[in-house]
Amino acid sequence: MPSKNLISLATLANLVTSVAKGLERKEICVDGRNTNYLEAGNGETLLFIHGFGGTNHMWRSWLQQLKTQYRVIAVTIPELEPTLNFSKAHYSFRTYSEWVSRFLEEIGVPQCHLLAHSTGACITAFFASSYPEKTSSITLFSPPNIGQLPQKETENTFDKALKLDLTDSDQLKKLISDSFFDTPKIPMLILNQLTKIIDSHQLEINFMLSQLSSASNVLLRRLPLISSPTLIIGGKCDHFLSNPATLQYFQHKINGSQLELLEECSHFPFQEQTEISMIIFENFIRTTLDNNLVAS
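Residues numbered from 1 in each chain as written. Predicted model: local features only at pLDDT ≥ 70, side-chain atom pairs only at ≥ 80, totals over all residues. Heavy atoms only, no water.

Focus on the pairing of strand β3 (residues 45-49)
Here's step 1: Burial analysis of β3 places five of its five residues in the buried class, the great majority of the element.
Here's step 2: Here β3 shows a buried face lined by Thr45, Leu47 and Ile49 and a second buried face lined by Leu46 and Phe48.
Here's step 3: Relative to strand β4 (residues 71-75), β3 runs parallel, the two being bridged by five bridges. Counted as the bridge partner of Leu47 is Ile73 from β4.
Here's step 4: The parallel pair β3 and β4, bridged by helix α2 (residues 60-66), forms a crossover whose chirality is right-handed. (Buried < 20%, exposed > 50% of the residue type's maximum accessible area, 1.4 Å probe, protein only. Helix = DSSP H or I, 4+ residues; strand = E, 2+ residues; numbered from the N terminus. Pairing = 2+ DSSP bridges. Right-handed = clockwise from strand over helix to strand, strands pointing away.)

Written out as structure tokens, the structure is:
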């Protein structure tokens, strides 16, 4: 039976969804497990993928703005969302990208543009390298440091996370502070719930982080295989989770990719600098669609 703190988070998530007018909440079974997603609009499909500890709700402002021009879908990926309902014996960007592929098959989407954040950006990069026929374009927000540079410059983000004790509310608050240029106020109730969830899943979390750290080397070798139009957006002030040097490396390895580093921004550019991020993305997607039209 889910613990009370998990129920509280689920209730909070449902309240947020109810505020997001015009977004339809749907549920589907993928690999024997139910997951939910938000959907609205018509036209070219944009699929939004969150990072570790995120949900589809984090994209709601983008969904609201883009639903007038596109079909927008934001999915919550099991085991990466806040309840951390673990079940896998193996975690990698490959297994998650395969899950995304099956999700798209289940909802009948043969090809889409993917927008993803942090760990989700790694999953999306692997997906694009594996399923070019399903990938119209990818937009990667703050892909984490994954060990491509000397450790003294950018230590692997998953290794860094393994060293943290996030059951300590002070360390958790510092992580949140390091992830934003202007740190949002997080109610103590939410912080306490997060620390309890992390505490109850500490072994599973560490196991996942260790496996994703190992999977980083595989992803690095696949970046040059990405042929889809690629936009990378990050913050110049993100020095803990996604160093600008990492984003420059991604740009170097993904042929023809576009990199935008934003001022006064850390790990969440689509939330911290929503307006400028949206302008950059809309210019990118219009150029991509125009080029596809000319090519056809």
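Focus on the side chain of Thr135
Here's step 1: Summarising the element assignment, Thr135 is placed in strand β6 (residues 135-141).
Here's step 2: Thr135 sits in the buried class, given a relative accessible area of 5%.
Here's step 3: A polar contact of 2.8 Å, which involves the side chain of Thr135, links it to the backbone oxygen of Tyr131.
Here's step 4: Discounting chain neighbours no more than four positions away, the residues touching Thr135 are Gln111, Cys112, Leu114, Phe127, Ala128 and Ser228. (Polar contact = N/O pair within 3.5 Å; in protein donor to acceptor, adjacent residues only side chain to side chain. Contact = heavy atoms within 4.5 Å.)

Overview of the pairing of strand β7 (residues 230-235)
Here's step 1: A large share of β7 lies buried, amounting to six of its six residues.
Here's step 2: Residues Thr230, Ile232 and Gly234 of β7 are buried on one face, and the alternating residues Leu231, Ile233 and Gly235, pointing to the opposite face, are buried as well.
Here's step 3: Pairing between β6 and β7: four bridges, direction parallel. Looking at the pairing, Leu140 lines up with Ile232 of β7.
Here's step 4: Bridge count between β7 and strand β8 (residues 258-262): five bridges; the pairing is parallel. Across the sheet, Ile232 pairs through a bridge with Leu259, a residue of β8.
Here's step 5: Considered for its hand, the β-α-β crossover made up of β7, helix α9 (residues 244-253) and β8 is right-handed.

Looking at helix α11 (residues 274-295)
Here's step 1: Taking 1.5 Å as the rise per residue, α11 with 22 residues should run 32 Å; its terminal C-alpha atoms sit 31 Å apart, in good agreement.
Here's step 2: Residues of α11 that are buried: Ser277, Met278, Ile280, Phe281, Glu282, Phe284, Ile285 and Thr288. (Expected span 1.5 Å × (residues − 1).)

Things to note about unusual backbone geometry
Here's step 1: Of note in the backbone geometry, Ser118 takes a positive phi value of approximately 55° without being a glycine.
Here's step 2: Note on placement: Ser118 falls in the loop between β5 (112-117) and α4 (119-130).
Here's step 3: Residue classification places Ser118 among the buried positions, given a relative accessible area of 11%.
Here's step 4: The residue Glu264 is not glycine, and still its phi comes out positive at about 50°.

Regarding the state of the cysteines
Here's step 1: Tallied over the entire structure, the rule returns zero disulfides.
Here's step 2: Free of any disulfide, Cys237 has its nearest neighbouring cysteine sulfur in Cys265, separated by 7.7 Å.
Here's step 3: For Cys237, a relative accessible area of 30% puts it in the partly exposed group. (Disulfide = S-S within 2.5 Å.)

Examining the packing of aromatic side chains
Here's step 1: Within this structure, the stated rule accounts for 14 aromatic pairs.
Here's step 2: With centroids separated by 5.6 Å and ring planes inclined at 80°, the aromatic side chains of Trp62 and Phe141 adopt a geometry described as edge-to-face. Placement of Trp62 in helix α2 and of Phe141 in strand β6 is noted, with a sequence separation of 79 residues between them. One exposure class covers both Trp62 and Phe141, and it is buried.
Here's step 3: Aromatic rings pair up to connect Phe48, Trp59, Trp62, Phe141, Phe180, Phe268, Phe270 and Phe281 into one cluster.
Here's step 4: Of note, Arg222 hangs over the ring of Phe126, and the distance from its end group to the ring centre comes to 4.7 Å. (Phe/Tyr/Trp six-rings, centres within 6.5 Å; stacked < 30°, edge-to-face > 60°. Lys NZ or Arg CZ within 6 Å of the ring centre and 35° of its normal.)

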